[in-house]
Amino acid sequence: MVTSTADDGRYHAPWTRTVDPRAELRAAWTWLRSPRLLYRIYPALRAHPAHAPASTAYAFTLFVTWWTLRGLGPVEERRLILSASTNLYNMQHNPVQVLVASAFWTEGGFPWLIIAQFLIVMAYAERWLGSGRWILLFATGHIGATLLTVYGISRAIDDKLIPLRVAIAPDVGTSYGFFAVLAAMAFRFRGVVRPAWAALVLGSLVAACVTHRSFTAYGHLCAGLIGLLAGAAATMFWGRIEQRRARTG
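Residues numbered from 1 in each chain as written. Predicted model: local features only at pLDDT ≥ 70, side-chain atom pairs only at ≥ 80, totals over all residues. Heavy atoms only, no water.

(A) Representation of the overall build of the chain. Along the chain, the regular secondary structure elements total 11 helices and 0 strands. Across its three principal directions, the C-alpha atoms of the chain cover 60 × 45 × 30 Å. Relative to its full complement of 249 residues, the chain shows a buried share of 38%. Total accessible area on the chain is roughly 14400 Å²; 67% of this is exposed by carbon and sulfur atoms. For the chain, the separation between the mean place of its 24 positive charges and that of its 12 negative charges on side chains is 7 Å. (Helix = DSSP H or I, 4+ residues; strand = E, 2+ residues; numbered from the N terminus. Buried < 20%, exposed > 50% of the residue type's maximum accessible area, 1.4 Å probe, protein only. Areas by Shrake-Rupley, 256 points an atom, 1.4 Å probe, with all protein chains shown as cover. Lys, Arg positive; Asp, Glu negative; His and termini not counted. Charge placed at Lys NZ, Arg CZ, Asp CG, Glu CD.)

(B) Structural view of the side chain of T86. The topology assignment puts T86 in the loop between α4 (74-84) and α5 (88-93). T86 gets classed as buried once you look at its relative accessible area, which sits at 4%. Not counting chain neighbours up to four residues away, the residues in contact with T86 comprise M91, V98, L99, S102, T146, V150 and D171. (Contact = heavy atoms within 4.5 Å.)

(C) Local environment of the environment of A57. Tracing the sequence through the fold places A57 in helix α3 (residues 53-70). Sequence-wise, A57 and F118 are 61 residues apart; in three dimensions their C-alpha atoms are separated by 9.4 Å.

(D) Just the state of the cysteines, in detail. Taken as a whole, this structure holds 0 disulfides when the rule is applied. Here C209 is not cross-linked by a disulfide; its sulfur's nearest cysteine counterpart is in C222, at 7.8 Å. (Disulfide = S-S within 2.5 Å.)

(E) How the structure looks around the pattern of salt bridges. All told, the structure shown has 1 salt bridge when counted by the stated rule. In this structure, the salt-bridge partner of D20 is R22, at a minimum N-O distance of 3.6 Å. For D20, a relative accessible area of 21% gives the class partly exposed. (Salt bridge = Lys/Arg side-chain N within 4 Å of Asp/Glu carboxyl O.)

(F) Seen up close, the UniProt feature "transmembrane region" (unreviewed entry) in the chain. In the UniProt entry, the feature "transmembrane region" (unreviewed entry) is given for residues 98-122, 134-153, 196-215 and 221-239. As a span, residues 134-153 carries 100% helix and 0% strand, and end to end its C-alpha atoms are 28 Å apart. Along residues 196-215 the backbone is 90% helical and 0% strand, and the end-to-end C-alpha distance reaches 26 Å. (UniProt positions renumbered as here; feature names shortened; annotations may be inferred.)

(G) Main features of a nonpolar patch on the surface. Side chains of W29, W31, L32, L38, Y39, I41 and L45 sit close together on the surface and give an oily, nonpolar patch of about 810 Å² of accessible area. Mapped by element, the contributors of at least two residues to the nonpolar patch are α1 (21-33) and α2 (37-51). For the nonpolar patch, the element with the highest residue contribution is α2, accounting for 4 residues. With respect to the helices and strands, the residue L32 is situated in helix α1. Taking the relative accessible area as the measure of exposure, L32 reaches 42% and is therefore partly exposed. (Patch = residues over 30% accessible without salt bridge, like charges linked within 9 Å, V, L, I, M, F, W, Y side chains within 5 Å.)

(H) Looking closely at the side chain of N90. Here N90 is to be found in helix α5. Residue class for N90 comes out buried when judged on its relative accessible area of 8%. Polar side-chain contacts of N90 include one of 2.9 Å to the backbone oxygen of S85. The contacts of N90, once residues within four sequence positions are left out, are L82, S83, S85, P95 and V98. (Polar contact = N/O pair within 3.5 Å; in protein donor to acceptor, adjacent residues only side chain to side chain.)

(I) The arrangement of the packing of aromatic side chains in detail. Tallying each qualifying case throughout the model produces 16 aromatic pairs. By way of ring pairs, the aromatic residues Y58, F104, F118, W134 and F138 are connected into one cluster. Note that R36 overlies the ring of Y39, its terminal NZ or CZ placed 4.3 Å from the centroid. Seen from the ring of W31, R40 lies directly overhead, with NZ or CZ sitting 4.7 Å from the centre. (Phe/Tyr/Trp six-rings, centres within 6.5 Å; stacked < 30°, edge-to-face > 60°. Lys NZ or Arg CZ within 6 Å of the ring centre and 35° of its normal.)

Spelled out as structure tokens, the structure:
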């Protein structure tokens, strides 16, 4: 869903189109209980890329990069990951390149959980915001949280609080952008669900910071705060515009 018009024919931004989660769940349950479910699943899956093209393409890209790493030896794999990492050294020498590249690589085994998150959670967010807004929000969280994390690492190294080797540590993945979008999704819902969603996301990120005490956890918290601030700003901005339009008739 990219645009929406009310009965008056005027454009309404996605940020002002809230839903009742209970109604959403009832609609999903009704769809699942309707006759001929197996015959309806395939067309729904086939139509999914058209409704969330950016999230689907992103998930496919993650699969391709994982498959690429499988064909490399351990040394070549580590060299490639380090070259795409948003560590302090790379950010000082190739900031634009690594800010883009780091978001498309993952370490470890097959990223089935990350791919599922994009095909389900991020796809839902994209269908709500539209592809352009979803990409902008995801990129804002990824870039903003990365810059804040790198700044924190730089200060900690200067103050000799952490060893210098952290400046070249590998750091790739999709999590900063993901948590920014996840936090901003609180503004999709109305009523008590909105603050409850925001509190749950931020609470879990704060708990991770306390438990793990790592710069990655710190970056996740920064990304969540960026998502909430972006969502609040966009909701207030478009809400005031639409209120002004309603008053002027």
